[in-house]
Amino acid sequence: MIKTDILIIGAGPTGLFAVFEAGLLQLKCHLIDALPQAGGQCSEIYPKKPIYDIPGFPEVLAGDLVNNLMEQIKAFQPGFTLGERANTIEKLEDGTFLVTTNKGTKHNAPIVAIAGGLGSFEPRKPLIDKIKDYEDKGVAYFIKDPEVYRNKKVLIAGGGDSALDWSIFLADVASEVTLVHRRNEFRGALDSVEKVQSLKNLGKINLITPAEVVGLKGSGKLEAVVINKSGDEDEEITKEIDHFIPLFGLSPKLGPIADWGLEIEKNAIKVDTFDYQTNIPGIYAIGDVNTYPGKLKLILCGFHEATLMCQSAYQRIFPDKKYVMKYTTVGGVSGFDGSKKEAPKAVVKAID
């Protein structure tokens, strides 16, 4: 059994930053995430997309933000249970919680912080016959590493920001990029639509609209797609490709957490804004997974919520102790690995 002070469910940016804030209070953390790596959506869905509203970073790639957070918390030696979903929770006689994953791994802590973003994500898959046979064999619903598509023929389907942004990005990576959308109009940002049109005019993107991918071909792996192009007379096109990426959005789901007895409103967990505690004392919800009047689903708001949550958790774990907050510029940062970061102290020297 894994024991810790704060068990964090969700290893996205909010969960990772909670490790840092807990570490300042000398509280140990362990994180559970269904994804195989830390970072949440930033790692899984858009690692190469820039984020513009992180304080102190005019622009930072989502994947780089995760790397920076991982570096920031390294000294606090968090534990990780990755590739497993938090399945059940039980309150023990001593007041602590026992959380068991879908693979049977047990975790015990006096505090549980749910930082699961919007929940677990399921891609909206097109209704194409035998598409499952080609998943991971040419069909993918996320772009994790653009280098996979270097000098390959790629077809993207969709009409939103993700489809437009990745078509633009891969135009300089893939040997051929084709964008297929069932309408002539796109739902994405105007500048992205204009960029795609410009790249089409330069011959760097093939644009096929209005059209839909209706079939897949290949022996063992994807080799071609069948496209139905609408018009005065419907036309069926068979196009040879290496990769098909349908980007039709994601469906967020709370998953098993929805059955934990928490107060839920519109697929989010209701919390008290004093400390982001749920209706079950000792269980908190921070980041996009929670809801309250005036809630904004922003990473920087999750960082704030994580900070206040850790202060409250400290008081629950040590009700008889009084914590006096010190700025890191004054107290420094003392890691569990023996490291110490602090501002250099002024040298006092007598003048003759």
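A brief structural summary. (Residues numbered from 1 in each chain as written. Predicted model: local features only at pLDDT ≥ 70, side-chain atom pairs only at ≥ 80, totals over all residues. Heavy atoms only, no water.)

## What about the overall build of the protein chain?
If you tally the helices and strands in the protein chain, you get seven helices and 25 strands. Taken along the three principal axes of its C-alpha coordinates, the protein chain extends 85 × 65 × 40 Å. Considering only contacts in the protein chain between residues 6 or more positions apart, those separated by 24 or more positions represent 57%. Just so you have it, the protein chain exposes about 18500 Å², and 51% of that area is on carbon and sulfur atoms. Separation between the mean location of the 41 positive side-chain charges and that of the 46 negative ones in the protein chain comes to 3 Å. (Helix = DSSP H or I, 4+ residues; strand = E, 2+ residues; numbered from the N terminus. Contact = heavy atoms within 4.5 Å. Areas by Shrake-Rupley, 256 points an atom, 1.4 Å probe, with all protein chains shown as cover. Lys, Arg positive; Asp, Glu negative; His and termini not counted. Charge placed at Lys NZ, Arg CZ, Asp CG, Glu CD.)

## Side note on the packing of aromatic side chains
In total, this model carries seven aromatic pairs according to the counting rule given. With a centroid separation of 5.5 Å and an interplanar angle of 75 degrees, the aromatic rings of Trp 166 and Phe 169 are classed as edge-to-face. Of this pair, Trp 166 and Phe 169 both sit in helix α4 (residues 161-170), three residues apart, roughly one helical turn. Take Trp 166: its relative accessible area is 5%, and that puts it in the buried class. Taking the centre distance of 5.2 Å and the plane angle of 55 degrees together, the rings of Tyr 314 and Phe 318 count as tilted. A residue is classified by how much of its surface remains accessible, and Phe 318, at 28% relative accessible area, is partly exposed. Grouped by ring-pair contacts, the aromatic residues Phe 17, Phe 20, Phe 76, Phe 303 and Phe 336 constitute a single cluster. Over the ring of Phe 318 we find Lys 321, and its NZ or CZ is 4.4 Å from the ring centre. (Phe/Tyr/Trp six-rings, centres within 6.5 Å; stacked < 30°, edge-to-face > 60°. Buried < 20%, exposed > 50% of the residue type's maximum accessible area, 1.4 Å probe, protein only. Lys NZ or Arg CZ within 6 Å of the ring centre and 35° of its normal.)

## Here's the deal with the sheet that holds strand β17 (residues 235-240)
The strand order across the open sheet built from three strands is β15-β16-β17, with neighbouring strands paired in antiparallel fashion. Both outer strands of the open sheet, β15 (211-217) and β17, are each paired with one neighbouring strand and no more. Taking the axes of each pair of neighbouring strands and ignoring which way they run, one obtains an average angle of 25 degrees across the sheet. For strand β16 (residues 224-229) and β17, the ladder comprises six bridges, and the chain directions are antiparallel. Its bridge partner being in β17, Lys 229 is matched across the sheet by Glu 235. (Pairing = 2+ DSSP bridges. Axes fitted to C-alpha atoms, helices over the stretch in contact; angles between N-to-C directions.)

## Some thoughts on the environment of Phe 336
One can find Phe 336 in the loop between β24 (333-334) and β25 (340-341). Residues Phe 336 and Phe 76, spaced 260 residues apart in sequence, show a C-alpha to C-alpha distance of 5.1 Å. Setting aside residues up to four positions removed in sequence, Phe 336 forms contacts with Gly 23, Gln 26, Leu 27, Lys 28, Ala 75, Phe 76 and Gln 77.

## Observations concerning the side chain of Thr 4
Of note, Thr 4 is situated in the loop between β1 (2-3) and β2 (6-9). Taking the relative accessible area as the measure of exposure, Thr 4 reaches 12% and is therefore buried. One polar contact links the side chain of Thr 4 to the main-chain carbonyl oxygen of Lys 28, over a distance of 3.1 Å. Contact partners of Thr 4, with chain neighbours within four places excluded, come to Lys 28, Cys 29, His 30, Asn 108, Ala 109 and Pro 110. (Polar contact = N/O pair within 3.5 Å; in protein donor to acceptor, adjacent residues only side chain to side chain.)

## Some details on the pairing of strand β7 (residues 86-91)
Bridging between β7 and strand β8 (residues 97-101) involves five bridges; their strand directions are antiparallel. For Ile 89, the partnering residue across the bridge sits in β8 and is Val 99. Hairpin connection, β7 to β8: the antiparallel pair is bridged by five residues, and Gly 95 has positive phi, about 90 degrees.

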